[in-house]
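# Breakdown of the fold
What follows is each chain in one-letter form.
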Amino acid sequence: MNLFFLVLMFTYLGGVYSNSTISIPSIVNIGAIFTFDSSIGKVAKLAMEQAVKDVNSNSSILHSTQLVLHMKSSNCSGFDGMIQALRFMETDAVAILGPQSSVVSHIVSHVANELRVPMLSFAATDPTLSSLQFPFFVRTTLSDMYQMTAVAEVIDFYGWKEVIAIYVDDDYGRNGVSALEDALATRRCRISYKVGIKSGADVDRNEITNVLVNMALMQSRVIVVHAHSNSGFMIFKVAHYLGMMQEGYAWIATDWLSTVLDSVSLPSETMDTLQGVLVLRQLTPDTDRKKAFFSRWNKLTDGSLGLHSYGLRAYDSVWLVAQAIDKFFSQGGVISWTNYTSLNDHKGKGGGLNLDAMSIFDNGTLLLNNILRSDFVGLSGPMKFDSDKSLVRPAYDVVNVIGNGVRRVGYWSNYSGLSVVSPETLYANPPNRSSANQHLHSVIWPGETISKPRGWVFPSNGKQLRIGVPIRASYREFVSPVKGTDMFKGFCIDVFVAAVNLLPYAVPYRFVPFGDGLKNPSYTEFVNLITTGYFDGAIGDIAIVTNRTRIVDFTQPYTASGLVVVAPFKKINSGGWAFLQPFTPLMWIVTACSFFFVGIVVWILEHRINDEFRGSPKQQLITILWFSLSTLFFSHRENTMSTLGRGVILIWLFVVLIINSSYTASLTSILTVQQLSSPISGIDSLKASDEPIGFQVGSFAERYLIEDIGISKSRLVALGSPEAYAKALQLGPNKGGVAAIIDERPYVEIFLSTQCTFRIVGQEFTRSGWGFAFPRDSPLAVDLSTAILQLSETGDLQRIHDKWITRSTCSLDNTEIDSDRLQLKSFWGLFIICGIACGIALIIYFLQIMLVLCRSSPSEPASNVGRIQRFLSLVDEKKGPSRSERRKRNGDEISPEDQLGRQPKRIQLTL
């Protein structure tokens, strides 16, 4: 039996081995398309040759199958690249490494899609090479989407808001800069100017010179260069010649520059043109394998050719294909081809191309899936793809060109942003992209300075913004034209100029007047002109109200504002009854009742034990009144003998002290300070009347009063100047004037500084402010808001306000009319405390009486009436003196002087 199973097993394994021998070829062809003589191609060629050598010498992969690499040069030509890709199909290549160029990749990807041959590009970084459009295109390097995000974060880190971009005018350059625009926009930054230049043999020094001369006239001094090596070095050479590599400029180059710097040693005159440039370089982790390969590389090249990140990517791409093919064979995959039927109509018309050899890789999709599922660590880092078919954990070095080399100033990773710590260390911690966690080491900028460039200057040829300024007919302290010039002055103008000076970039602008100066313009029409594009912004005394915020963006308010009511007033003489004015009638009533109530409570508590609170009903009533009122002056002479009574008196005297002090202060104010009165108490009383109301011409107050308050338009009178305000208020509603004026507080403060016969009545009934208006989503509105906050924090905003807005003494004294009479709501807490104390004392007292009543009750049951009579008699009867009281009566504990002092009171009570 065992022999039978053994023979059966060997038969099965022999069949499997026989089938695998038949299906697995001894040679597998792959192709590579790149530019041999480029800085990337020179390194990639040698790196891929070494990778193929390592794969074929490794017995753990592909086993008896040899990997054969066929290389073709595309010469950075899309046409040549397509031809070479078609020729690879004649050799039955199962995968293509490359192309190196993004332009060539766009073209060859169509061929790869049609023939189902995976194409692995180790150098095409164009972010528009999408896996959706080109499913057989696999990027084994980092997309420029990540690189441009890193550039944008560096720009944002240094606080620059506008940059200039120079790019090579092809798919690689255009789409890379487009990705940079998107990345900057998310950080409220932008490219103020971008220009494409030619590349390769078509590089024109004169063209680059003209471009840089135009840039030198612009405001931005932050320049991003996204080009190829030939055009890029020409840019820096011309910039150095024009003096644009001096202090004040900031240059950022993408990884094209680091690729060249890592692969060859540049002449000193070339390095001189690059001093201070910030450069990005794809980050490849330092591992023992990488160090060993670098040592091996130096032996191969004798140090004549350096190894850059794209060379490492090319090396790993070969291993990626090899491992995918090995897995392909282990899954039973067969390398077979089917004729491309779409070419049948073109047979015999291919010229030098053998179109009959064009065929589709039958199992190309299986091989593609194996590539995308790969997960190993290569020389360049993890070779693993995410759901978007991009390499995981993209990261860059941020290096600074100094002397004859570069110095790393930090890292960027998609995981944690900018840092001075290696991303491999940060991957162990939760991601933290907060601004406080973004760091870079100091940079030596162009001009050999460590001071961060400001990033902008005032441009010589920049477009000026049309900033609208209202020409007012009144209140010219806020904004007014300077005679004989096109300039303006005033509080609003000074705030705007000071805020613009704090911006991290230049804002060229010119003031454009709005209005005829004969009357105040309509501010609603003024703001609407921003939406039409006539104005790029509007400044002045513009109130931030709801209907305006729907069409424009406002800055942070630079001054508070709100509608108030201004009305005439009359002086109130104190008169003979002025002593009654400190308290309101209700306060007088409650205070009087409290005196009487406390007197009754003390009488109840003292009646049984204190002879001074006994006597005939008339005498007891006089005692209650006398005792309670005398506490007002702290002159009561009746002694309180009970503990409860003394507690009540103590609390009541504190209440009397507070009331007495408040009354004295209020009466003093009434008799010594001028009192004002107005028939209008505020917006509510004004709304309830039918008298005319004045408002300022052009103000939003008219719409607000009609639509929000509900005042009839027929009651509103438009007034255009402070003089018109005064005249209308003096005439009054009966003589063709107005009862009151409603306007914004800043205007009213200036009006009252010269008109001392009018006052603000009531409270401010709206809350708003003044701001500068700009088109929707304008970054200038956000940046100016930050600048205004800085002005406020440093006190400059208040100093500007004090410079233009001054008050006279009459506006500072009694500006708002309000009653000084003391009301019950100010003292209800004291009365409640006193009432609670009295209540507690009475409850304790009556509990004591009930206890005495229970102890002295007869054994026979009594009726309810009898109990009440007994209770009342017990309350009224005189309690026997205690031992200490008897001693007092005998004079043991009382001095003769005390006895003589008490005698008049007994006499007084018996009168």
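What you see is a predicted model, and the numbers here were worked out from it, not measured in a lab. The residue numbering used here restarts from 1 in each chain and proceeds along that chain's sequence as written. Confidence filtering applies because this is a predicted model: local features only for residues at pLDDT of at least 70, side-chain atom pairs given and counted only at 80 or more, and all residues used for totals across whole chains, interfaces and linings. To get the side-chain values, all heavy atoms of the structure are used, and hydrogens and water are removed first.

Here the focus is the confidence of the model for the protein chain. Think of pLDDT as the predictor's per-residue confidence, scored from 0 to 100. Of all residues in the protein chain, 84% have pLDDT values of 70 or greater, and the mean over the chain is 84. Any two residues having at least one pair of non-hydrogen atoms within 4.5 Å are treated as being in contact. Counting interchain partners and residues more than four positions distant, the pLDDT-below-50 stretch residues 1-22 has 0 contacts. pLDDT under 50 marks residues 811-819. Its contacts with residues more than four places away, or in other chains, come to 23 contacts.

The next thing to look at is unusual backbone geometry. For the bond from Gly98 to Pro99, the omega torsion is -5°, close enough to zero to count as cis. A run of H or I in DSSP counts as a helix once it spans at least four residues, and a run of E counts as a strand once it spans at least two, with each numbered from the N terminus. In this fold, Pro99 is placed in the loop between strand E3 (96-97) and helix H4 (102-115). Even without glycine at this site, Tyr475 takes up a positive phi of about 50°. With respect to the helices, strands and loops of the structure, Tyr475 is situated in the loop between strand E18 (465-470) and strand E19 (480-481). Residue classification places Tyr475 among the buried positions, given a relative accessible area of 4%. Under the scheme applied here, a residue whose accessible area is under 20% of the maximum for its type counts as buried, over 50% as exposed, and between as partly exposed, the area being computed with a 1.4 Å probe on protein chains only.

Here we take up the sheet that holds strand E4 (residues 119-121). Strand order in the open sheet formed by 5 strands is E2-E1-E3-E4-E5, with parallel pairing between adjacent strands. If you trace the sheet from one side to the other, it starts and ends with strand E2 (66-73) and strand E5 (137-139), each paired once. Two strands pair under a simple rule: DSSP has to find at least two bridges between them. Summarising the sheet, E3 and E4 pair through 2 bridges and their orientation is parallel. Residue pairing across strands places Leu97 opposite Leu120, the latter belonging to E4.

In a soluble, globular protein the nonpolar side chains are often hidden away together inside. Residues enter a nonpolar core if they are buried and are Ala, Val, Leu, Ile, Met, Phe, Trp, Tyr or Cys, with the set joined through side-chain atoms within 4.5 Å. Counting residues in hydrophobic clusters, the biggest one holds 108 residues, and the most contacted among them are Ile30, Met48, Leu67, Leu97, Leu278 and Ile325. Counting residues per element, this core draws most heavily on helix H12 (residues 309-330), at 13 residues. Look past the residues within four positions of Leu67 in its chain and what remains in contact with it is Val28, Ile30, Val52, Val55, Asn56, Leu62, Val318, Ala322 and Ile325. Within the second largest apolar cluster, 73 residues are counted, among which are Val500, Phe695, Ile788 and Leu797.

Looking now at helix H16 (residues 523-531). Residues of H16 that are buried include every one of Tyr523, Phe526, Val527 and Ile530, and no others. Burial along H16 is one-sided: seen end-on, the buried residues are contained in an arc of 90°. The inward-facing, buried residues of H16 abut E18, strand E21 (509-514), strand E22 (537-538), helix H17 (546-549) and strand E33 (773-774). Following H16 by one or two positions, Gly533 has its phi on the positive side, about 90°. Starting at the helix axis, one direction is taken to each C-beta atom, and the arc is that of these directions.

Ring pairs shown here join Phe, Tyr and Trp side chains whose ring centres sit within 6.5 Å, with only the six-membered ring taken for Trp; geometry is labelled stacked below 30 degrees between planes, edge-to-face above 60, and tilted in between. Throughout the structure, instances matching the rule amount to 39 aromatic pairs. Taking 5.0 Å as the distance between ring centres and 40° as the angle between the ring planes, the aromatic pair formed by Tyr475 and Tyr747 counts as tilted. Highlighted residues: Tyr475 in the loop between E18 and E19 and Tyr747 in helix H24 (residues 745-752), separated in sequence by 272 residues. For the pair shown, Tyr475 and Tyr747 are each scored as buried.

With that out of the way, let us pick up the side chain of Ser101. Inspection of the secondary structure puts Ser101 in the loop between E3 and H4. The term polar contact refers here to a pair of N or O atoms within 3.5 Å; inside protein, the definition further demands a hydrogen-donor-capable atom paired with an acceptor-capable atom, and it admits residues adjacent in sequence only when both atoms are side-chain atoms. Polar side-chain contacts of Ser101 include one of 3.1 Å to the backbone nitrogen of Val103.

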